[in-house]
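Per-entry structural report
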Amino acid sequence: MWKYYALLSAFFAALTAIFAKIGVKDINSDLATAIRTAVILLITWGIVLFGNHLGEVKAMPRHAWLFLVLSGAATGLSWLFYFKALQTGDVSRVAPVDKLSVVMTICFSFLFLKEPVSLRVIIGALLITAGSIVMLVK
């Protein structure tokens, strides 16, 4: 089932890039990020409320809070830089370079989470890196 969710994530991430490029055209990219974040906030809290998950907040361990806050800060910074890049760059070049995050995630998961890395994963990461480099060169 995770593969379907991952494909849906990729589909909506692609739409995000296209919509964001159009939306950020004539406004400050930080303002655009704030608007996007507000929409996400409304949608996700709506899902939590309608799914009756609000009571689970009290039971969350401290380390979960810490790492979710850190994840939120990293996401916010990622979006701010992504929107800045979209404002001045071609979306067809910005999005693939942004996907270097996949390679970085593989490296971090190996270093910090001790996840195994197969030859297939290494080859895939090298291909993503090569593709990103090709997109960087004008």
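It should be emphasised that the depicted structure is a prediction, and the values quoted were computed from it without experimental measurement. Each chain carries its own residue numbering, running from 1 in the direction its sequence is written. The model is predicted, so local features are restricted to residues of pLDDT at least 70 and side-chain atom pairs to those at 80 or more, both for listing and for counting; the totals for chains, interfaces and linings are taken over all residues. Side-chain calculation: all heavy atoms of the structure are included, whereas hydrogens and water are not.

1. Focus: the overall build of the protein
Only DSSP runs of H or I reaching four residues or more are called helices, and only runs of E reaching two or more are called strands; each is numbered from the N terminus. Within the protein, the secondary structure is distributed over 6 helices and 0 strands. Moving toward the C terminus, one meets the helices and strands of the protein in the order α-α-α-α-α-α. The principal-axis extents of the C-alpha atoms in the protein amount to approximately 50 × 45 × 25 Å. Each residue's exposure class comes from its accessible area (1.4 Å probe, protein chains only) as a fraction of the maximum for that residue type: buried when under 20%, exposed when over 50%, partly exposed otherwise. A burial count over the protein gives 15% of its 138 residues as buried. Contacts: residue pairs with any heavy atoms within 4.5 Å of one another. At a minimum sequence separation of 6, the contacts of the protein that also span at least 24 residues come to 73%. Areas reported here follow the Shrake-Rupley algorithm with a probe of radius 1.4 Å; residue values treat only the protein chains shown as occluding. Surface summary for the protein: the accessible area is close to 10,800 Å², and the carbon and sulfur share equals 76%. By the counting rule applied here, Lys and Arg register as positive and Asp and Glu as negative, while His and the ends of each chain are not counted. A charged residue contributes its charge at one atom only: NZ of Lys, CZ of Arg, CG of Asp or CD of Glu. Across the protein, 12 positive and 6 negative side-chain charges occur, with their mean positions spaced 4 Å apart.

2. Points about helix 2 (residues 29-50)
For helix 2, which comprises 22 residues, the first-to-last C-alpha distance of 32 Å matches the rise-based estimate of 32 Å (1.5 Å per residue) to within 8%. Looking only at helix 2, the buried set comprises Ser29, Ala32, Thr33, Arg36 and Gly46. Buried residues of helix 2, viewed axially, fall in a sector of 160°; they line one side. Where helix 2 is buried, its residues meet helix 1 (2-23) and helix 3 (62-88). Taking the backbone nitrogen of Asp30 as reference, a side-chain oxygen 2.7 Å away marks Asn28 as the first, capping residue of helix 2. Expected span of a helix: the number of residues minus one, times 1.5 Å. This arc is taken over the directions from the axis of the helix to the C-beta atoms. By the criterion applied in these results, polar contacts are pairs of N or O atoms within 3.5 Å in which, for protein atoms, one can donate a hydrogen and the other can accept it, and in which residues neighboring in sequence qualify only through two side-chain atoms.

3. Quick look at the packing of aromatic side chains
The rule is short: rings of Phe, Tyr and Trp, with Trp giving its six-membered ring, pair when the centres are within 6.5 Å, and they are stacked under 30 degrees, edge-to-face over 60, tilted in between. Applying the stated criterion to the full structure yields 3 aromatic pairs. With 6.5 Å between their ring centres and 55° between their planes, Tyr82 and Phe83 make a pair best called tilted. In this structure Tyr82 comes out as buried when scored by relative accessible area, which is 10%. Overall, the relative accessible area of 5% leaves Phe83 in the buried class. Aromatic pair Phe108 and Phe112: ring centres 5.8 Å apart, planes at 45°, arrangement tilted.

4. Focus: the pattern of salt bridges
Criterion for a salt bridge: a side-chain nitrogen of Lys or Arg within 4 Å of a carboxyl oxygen of Asp or Glu. Evaluation of the coordinates by the stated rule reveals 2 salt bridges. With a shortest N-O distance of 3.4 Å, Lys99 and Asp98 are connected by a salt bridge. Among the residues examined, Lys99 registers a relative accessible area of 37% and is labelled partly exposed.

5. Regarding unusual backbone geometry
Even without a glycine there, the phi angle at Asn52 is positive, about 55°. Along the polypeptide, Asn52 turns up in the loop between helix 2 and helix 3. Residues other than glycine seldom take positive phi values, yet Lys114 does so here, at roughly 60°.

6. Describing the environment of Gly131
Checked against the element boundaries, Gly131 lands in helix 6 (residues 119-136). According to the relative accessible area criterion, Gly131 is partly exposed, its value standing at 31%. Taking the C-alpha atoms as reference, Gly131 lies 38 Å from Val48; in sequence the two are 83 residues apart.

7. Brief notes about the packing of helix 1 against helix 3
For helices, the fitted axis covers only the stretch in contact; all axes are lines through C-alpha atoms, and the angles between them, taken along N-to-C directions, range from 0 to 180 degrees. Two elements in contact, helix 1 and helix 3, have axes whose closest approach is 9 Å; the angle formed by their N-to-C orientations is 65°. Of the two elements, helix 1 crosses helix 3, and the hand of that crossing is right-handed. Contact residues: Ala17, Ala20 and Lys21 in helix 1; Tyr82, Phe83, Leu86 and Gln87 in helix 3. Nonpolar residues are Ala, Val, Leu, Ile, Met, Phe, Trp, Tyr, Cys and Pro. Charged residues are Asp, Glu, Lys and Arg, and all others, Gly as well, are polar. Classifying every residue of the contact of helix 1 with helix 3 by side-chain character gives 5 nonpolar, 1 polar and 1 charged. Left-handed is the label given to a crossing in which the near helix is rotated counterclockwise from the far helix by less than a right angle, and right-handed is the label when the rotation is clockwise.

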